[in-house]
Amino acid sequence: MKRSYKLVKRFGLALLSCALLSSATAVYAEETAPGVKGMSEEEFTPAKEVLTVKYVDVKKPYHMDVDSLKGSFQDATGITVPLQMQDKAFPNGGGSIQGAEVKAIHDGITIYFQITWNDPTRNAQAIAIQEYRDAVALMFPLGAVEITPAEHFSPRMGDREKPVNLWHWKSDWEADLLVKGELEDVEERYPNMHDDFNTNPYSPYYHRDLITSIAVLSGGRAADNLISRPGRGRTVEDLNAEGFGTLTTQEHQDVNGCSKFEDGAWTVIIYRSLITQDPHDVQFVPGGKTFFNMAVWNGAEQDRNGQKNISTQWHPAVLEKVAWQ
Amino acid sequence: MTLVHNWHLGRRMEYPYFESRPKRQFAAVFNINRCIACQTCTMACKSAWTYNKGQEFMWWNNVETKPYGGYPQSWDVKTLRLIDSDNNVWYTDDKDEKLSPYGVYEGDTIFETAARKNLNQWAVGYVPEDKEWRAPNFGEDVAVSKKQDEFSTLPEHSRWFFYLQRLCNHCTYPGCLAACPRKAIYKRKEDGIVLIDQKRCRGYRKCVEQCPYKKPMYRGLTRISEKCIACYPRIEGKDPLTEGRPMETRCMAACVGQIRLQGFLDDNPKNPVTWLIRHAKVALPLYPQFGTEPNIYYIPPRWAPRSYLKQMFGPGVDEAIDKFMVPSRELLAVMSLFRMTQSIIFEYAIEQGPKVFETVIHGKKFEMFNDTVIGYGEDGKEIVRTTVEEPIHVRDPKHYNSI
């Protein structure tokens, strides 16, 4: 008792200043930016469970689809990532999906992530104004970083000078791949709607100038926005971010994916080569460690942008060595 | 949130960004009393900007019949409901010419309601569904009618409707700009025009949701949103017709009823737009209580019930209608400038002319002088000259029947 009193007497001032400092940082965290609430300490602590990216000799199928690739994931052990509503940056939202199962494999050349989650409705179109797509995204810290509670690295869209690489799979991009011109057009949603755009050159209603004006007078296409571009040839968008509101499409797209919706559940496989030439991409080394985080959008609940189901922690992932290593 | 001054509300209000007014603000005055709803403005806009694929439902400019019409349907009623039942409470005993010309709004704006209700987004709003956009002139010419009245007489008709001409208000505090989570919407410093960056937009539709006037629109073809661009190439003087001078937008220039005058709101009291809005106070903002400080101003229709008009244009309605019904010498001259030129008028001057007419309107003496009004361009050069009395040209009897 006497000893502890002595301790308090000796270190009292230091303890008091520590307490004051921590409360000061708490206040600082509360006011990070307008519309952004501060983050708690545990969000800066990565999850304990480690995802093992199993080395599997994937027999790469001619058509990359879930059914052909599913077998390769059989021996991989997955982790369950808990999801919750996004409650820090405006607009808040999400909360309809509680969790997703993630499995990962690599074959020394390509890395594959399989994400499975329950969603009673398939929303694979975003043409009507009130319709939103189902989507999933994986996020990786850019560069070789060790994430510890001492070294704050935001698990939510990264931070200034701490960029992240994001892979955003979109259900409607997958539907786009299956149609002529590789972009579902307004007729897909409104088959009986009148429009002046008869694309048949032998029709008496064909108007060449009108048809060729589509690209010029579609702002998104003229500005070469990847979301508006027909014939993207992929279902996953490769992006970077440095905090809320900074999400930017990469000039060079490297990621692809495939999906299957069955019995009220989405299975999405996202794949990319372990190494790329792009300095804005995350790189994977067999035997090495990385971190990932994820978010799921439920189109039926009007999820889009920050209105999403997120994991609030980084998850470590370790790549198994390849057979010859 | 930061505190910014909104002179429509006569007070400071909460907004996510700091107050940053443009050098001059794109603005227009619409005289509702003269509109015949011919939709020439609507078609001028359509044929210039929204005739393309995926824009079939898009009308950046539209004219709707009030009170029943609305594009998208019931947009105003739905947004008014979202703010509160006390959305039209004003304190008008104390006014300041510069800071609070209409008095002080005591209710909540769309931004303040979202903050008070802890909605965790910047403003209240809703996304209208496709069916709500589908019939842009729904309710056309449908009047409100009290069946017991045989005749309607001024000051308020018992059987009434009026036309409301709408385009993007290029607000000083845009709801769309506040709502965009990735700052893809920006307001230009040089003229206050609000634009959506077509490269940065990702089609989240937060702007569609939180613009109270519902003027950003989602295009299914490109999967991103678009909005009125205030014909900015014309505003920048890119059209060869005006030889580099700023030119009014397509919808303004096409106005058959001569109800529109477009220009810039600035500090020059001899700028016709500034004079009509800030000095004569004959033109009023649309739903100022939303809190976005919209920049299209309306001369309210003199026959509609004042309570309805006050909800729509704020407490300045009585003064505006009184001034419009018995116009002053200067007001009559400035109103003669409407649609006399496509070039934007930056300043006006009046040369006095003889008295040509005298009468009594609603017990007030009215004198009409045939003054000459001159409009000057940005460079100070005269671009238009007209008289209050429309000039009459009598054809030579020899050519009575010639075309």
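As the structure is a prediction and not an experimental result, all values here were calculated from the model. (Residues numbered from 1 in each chain as written. Chains lettered and ligands numbered in written order. Predicted model: local features only at pLDDT ≥ 70, side-chain atom pairs only at ≥ 80, totals over all residues.)

Concerning the overall build of chain A
Right, so step 1: When helices and strands are counted, chain A shows six helices and 14 strands.
Right, so step 2: In terms of its C-alpha atoms, chain A occupies a principal-axis envelope of roughly 100 × 50 × 40 Å.
Right, so step 3: When each of the 325 residues of chain A is scored for burial, the buried share is 38%.
Right, so step 4: Sequence-distant contacts in chain A: of pairs separated by 6 or more residues, those separated by 24 or more amount to 67%. (Helix = DSSP H or I, 4+ residues; strand = E, 2+ residues; numbered from the N terminus. Buried ≥ 20, exposed ≤ 12 C-beta atoms within 10 Å, placed from the backbone. Contact = placed C-beta atoms within 7 Å.)

Notes on the overall build of chain B
Right, so step 1: Along the backbone of chain B there are 12 helices and 21 strands.
Right, so step 2: In terms of overall dimensions, chain B is globule-like: its C-alpha atoms have a radius of gyration of 21 Å, near the 22 Å expected for 403 residues.
Right, so step 3: When its C-alpha atoms are laid out on the principal axes, chain B stretches across 70 × 50 × 40 Å.
Right, so step 4: By residue count, 51% of the 403 residues in chain B fall in the buried class.
Right, so step 5: In chain B, the proportion of contacts linking residues at least 24 apart, taken out of those at least 6 apart, comes to 64%. (Rg over C-alpha atoms; globule rule 2.2 N^0.38 Å.)

Re the interface of chain A and chain B
Right, so step 1: Contact residues are listed per partner, giving 33 residues for chain A and 31 residues for chain B.
Right, so step 2: Listed by contribution, the elements that provide at least two residues to the side of chain A that touches chain B are helix H4 (186-189), helix H5 (208-216) and helix H6 (219-222) of chain A.
Right, so step 3: Of the residues forming the side of chain A that touches chain B, the biggest block, four residues, is contributed by H6(A).
Right, so step 4: For the side of chain A that touches chain B, the residue count by class is 16 nonpolar, 12 polar and five charged. (Nonpolar A, V, L, I, M, F, W, Y, C, P; charged D, E, K, R; others polar.)

Thoughts on the pairing of strand S5 (residues 110-118) of chain A
All names here are of chain A.
Right, so step 1: Counting buried positions along S5 yields seven of nine residues, so the element is predominantly enclosed.
Right, so step 2: Where strand S4 (residues 99-106) and S5 come together, six bridges link them in antiparallel fashion. Counterpart to Val-102 in the pairing with S5 is Ile-115.
Right, so step 3: Note that S5 and strand S11 (residues 265-273) share nine bridges and pair antiparallel. In the strand pairing of S11, Thr-116 is matched with Thr-267. (Pairing = 2+ DSSP bridges.)

So, the sheet that holds strand S20 (residues 372-376) of chain B
Residue and element names in this part refer to chain B.
Right, so step 1: With antiparallel pairing, the three strands of this open sheet are ordered in space as S17-S20-S21. The sheet terminates laterally at strand S17 (347-351) and strand S21 (382-387), the two strands that pair on one side only. Between one strand axis and the next, the sheet turns by 20° as a mean value, whatever way the strands run.
Right, so step 2: As judged from the five bridges shared by S17 and S20, these two strands associate in the antiparallel manner. The partner of Ile-350 across the bridge, within S20, is Val-373. (Axes fitted to C-alpha atoms, helices over the stretch in contact; angles between N-to-C directions.)

A look at the sheet that holds strand S16 (residues 296-299) of chain B
Residues and elements named next belong to chain B.
Right, so step 1: Within the open sheet, the four strands sit side by side as S14-S3-S16-S15. Their pairing is mixed. Each having just a single partner strand, strand S14 (260-265) and strand S15 (284-285) make up the two edges of the open sheet.
Right, so step 2: Running at roughly 85° to S14, helix H9 (residues 272-279) makes contact with strand S3 (25-31), S14 and S16 of the sheet.

Observations regarding the pairing of S16(B)
Residues and elements named next belong to chain B.
Right, so step 1: Burial along S16 is two-sided: the residues Ile-296 and Tyr-298 and Tyr-297 and Ile-299 are all buried.
Right, so step 2: Two strands pair when backbone bridges link them, and S15 and S16 are joined in this way by two bridges, in the antiparallel orientation. Note on S16: the bridge partner recorded for Pro-285 is Tyr-297.

Brief notes about the nonpolar core
Right, so step 1: If you look at the biggest cluster of nonpolar residues, it comprises 164 residues, and the most contacted ones within it are Ala104(A), Ile270(A), Met294(A), Val29(B) and Ala283(B).
Right, so step 2: When neighbours within four sequence positions are excluded, Val29(B) is seen to be in contact with Leu261(B), Val273(B), Leu276(B), Ile277(B), Ala283(B), Tyr297(B) and Ile299(B).
Right, so step 3: Counting five residues, the second-largest nonpolar core is a separate cluster that includes Ala126(A), Tyr132(A), Val186(A) and Leu221(B). (Core = buried A, V, L, I, M, F, W, Y, C linked by C-beta atoms within 7 Å.)

Remarks on the environment of Val282(B)
All names here are of chain B.
Right, so step 1: Inspection of the secondary structure assignment puts Val-282 in the loop between H9 and S15.
Right, so step 2: For Val-282, a count of 26 C-beta atoms within 10 Å gives the class buried.
Right, so step 3: For the pair formed by Val-282 and Asp-322, sequence separation is 40 residues and the distance between their alpha carbons is 8.7 Å.

Remarks on the confidence of the model for chain A
Right, so step 1: Per-residue confidence for chain A averages 88 on the pLDDT scale, and 90% of its residues sit at or above 70.
Right, so step 2: Below a pLDDT of 50 lies the segment residues 1-31 of chain A, which in the model reaches four contacts outside its immediate sequence neighbourhood of four places, other chains included. (pLDDT = per-residue confidence, 0-100.)

Topic: unusual backbone geometry
Right, so step 1: Following Phe90(A), the chain continues into Pro91(A) via a peptide bond in cis, with omega recorded as -10°.
Right, so step 2: On the secondary structure map, Pro91(A) appears in the loop between strand S3 (84-85) and S4.
Right, so step 3: Pro67(B) follows Lys66(B) through a cis peptide bond whose omega is 10°.
Right, so step 4: Within the fold, Pro67(B) resides in the loop between strand S4 (62-66) and helix H2 (75-83).
Right, so step 5: Look at Asp263(A): it is not a glycine, yet its phi comes out positive at around 50°.
Right, so step 6: Relative to the helices and strands, Asp263(A) is located in the loop between strand S10 (256-262) and S11.

A word on the domain arrangement of chain B
Residue and element names in this part refer to chain B.
Right, so step 1: Segmenting chain B into domains produces domain 1 (2-326) and domain 2 (330-387).
Right, so step 2: The distance between the C-alpha centroids of domain 1 and domain 2 comes to 26 Å.
Right, so step 3: Taken together, the contact between domain 1 and domain 2 spans 26 residues of the former and 18 residues of the latter.
Right, so step 4: When residues of the side of domain 1 that touches domain 2 are traced back to their parent elements, those giving at least two are S14, H9 and helix H11 (317-325).
Right, so step 5: If you tally residues by element for the side of domain 1 that touches domain 2, the top one is S14, at four residues.
Right, so step 6: The residue inventory of the side of domain 1 that touches domain 2, partitioned by class, reads 14 nonpolar, seven polar and five charged. (Domains from an automatic or database assignment.)

What about the environment of Asn268(B)?
Residues and elements named next belong to chain B.
Right, so step 1: By the secondary structure assignment, Asn-268 is in the loop between S14 and H9.
Right, so step 2: Along the backbone, Asn-268 and Glu-347 are 79 residues apart, and their C-alpha atoms lie at a distance of 7.8 Å.
Right, so step 3: Leaving out residues up to four positions away in the same chain, Asn-268 has contacts with Thr-274 and Glu-347.

A closer look at H11(B)
Residue and element names in this part refer to chain B.
Right, so step 1: What H11 keeps buried is the set Val-317, Ala-320, Ile-321 and Phe-324. The buried residues of H11 all sit within an arc of 95° when viewed along its axis, so they share a single face.
Right, so step 2: Structurally, H11 contributes buried residues whose contacts are with S15, S16 and helix H10 (306-313). (Arc of directions from axis to C-beta.)

Looking at the environment of Asn165(A)
Residue and element names in this part refer to chain A.
Right, so step 1: Structurally, the position occupied by Asn-165 is in strand S7 (residues 164-170).
Right, so step 2: Along the backbone, Asn-165 and Leu-142 are 23 residues apart, and their C-alpha atoms lie at a distance of 5.9 Å.
Right, so step 3: Ignoring anything within four residues of it in the chain, the contact list for Asn-165 reads Phe-140, Leu-142, Asn-240, His-280, Asp-281 and Val-282.

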